[in-house]
Each structure stands twice: as structure tokens, then as C-alpha cells.
Amino acid sequence: MEAKPSAVDVISVCSANGDIRPLRFRIEDEAHQLLRVDIDEVISSREIQYAGIEAQIFLCRATV
């Protein structure tokens, strides 16, 4: 399966100190159906500068 960039919708929760934790995301598959994926575990996260904008990247374990 070839990995290609695509936009996803994400539902997340923010703590009082500003930490973000993703809960689930939605992505379109090859048949153009929307799949809802629940995130089981956040393995790691890191902050990056992407084209001058601060962003966070999450590596998650999920169940499809």
C-alpha cells in the first residue's frame, strides 16, 4: 500500500495546561467512504515548524 498525504478530520481534547490528545480521526478510503478511526494510544508527539507555522505530529496506535 502506497502512503500518500491526505487531509484528515481530527477530534481531540485539550488539557488545562495546553496539552493536546487526539481521540479519533476520519479519513476517506479508496472507495471514497469515510472511515472513523478510534485512537487507542498516543505513542509519541513532537512539535515542528512547518512553513513558519508551529505544528504537532502525533504517532498513534489505532483500531480500524
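These figures come from a predicted structure and were not determined experimentally.

The subject of this paragraph is unusual backbone geometry. Positive phi, close to 60°, is recorded for His 32, a residue that is not glycine. Within the secondary structure, His 32 is located in the loop between strand 2 (20–28) and strand 3 (34–50). Judged by its relative accessible area of 61%, His 32 is exposed. For Ala 51, which is not glycine, the phi torsion reads 55° and is therefore positive. Along the chain, Ala 51 falls in the loop between strand 3 and strand 4 (53–63).

The sheet contact formed by strand 1 (residues 9–14) and strand 2 spans 6 bridges and is antiparallel. Within the sheet, the bridge partner assigned to Val 10 lies in strand 2 and is Phe 25. Hairpin geometry of strand 1 and strand 2 is characterised by an intervening segment of 5 residues between the two adjacent antiparallel strands and by a positive phi of about 95° at Gly 18. Hairpin connection of strand 2 to strand 3: 5 residues between the antiparallel strands, including His 32 at a positive phi of 60°.

Right, let's talk about the sheet that holds strand 3 for a bit. Overall, antiparallel pairing links the 4 strands, which are arranged 1-2-3-4 in an open sheet. The open sheet has two free edges, formed respectively by strand 1 and strand 4, since each of these has just one partner strand. Averaged over neighbouring strand pairs, the angle between their axes works out to 35° when direction is ignored. In this sheet, strand 4 lies alongside strand 3 in antiparallel orientation, the contact comprising 11 bridges. Note on strand 4: the bridge partner recorded for Gln 49 is Glu 54.

The rules behind these values
Residues numbered from 1 in each chain as written. Predicted model: local features only at pLDDT ≥ 70, side-chain atom pairs only at ≥ 80, totals over all residues. Heavy atoms only, no water. Helix = DSSP H or I, 4+ residues; strand = E, 2+ residues; numbered from the N terminus. Buried < 20%, exposed > 50% of the residue type's maximum accessible area, 1.4 Å probe, protein only. Pairing = 2+ DSSP bridges. Axes fitted to C-alpha atoms, helices over the stretch in contact; angles between N-to-C directions.

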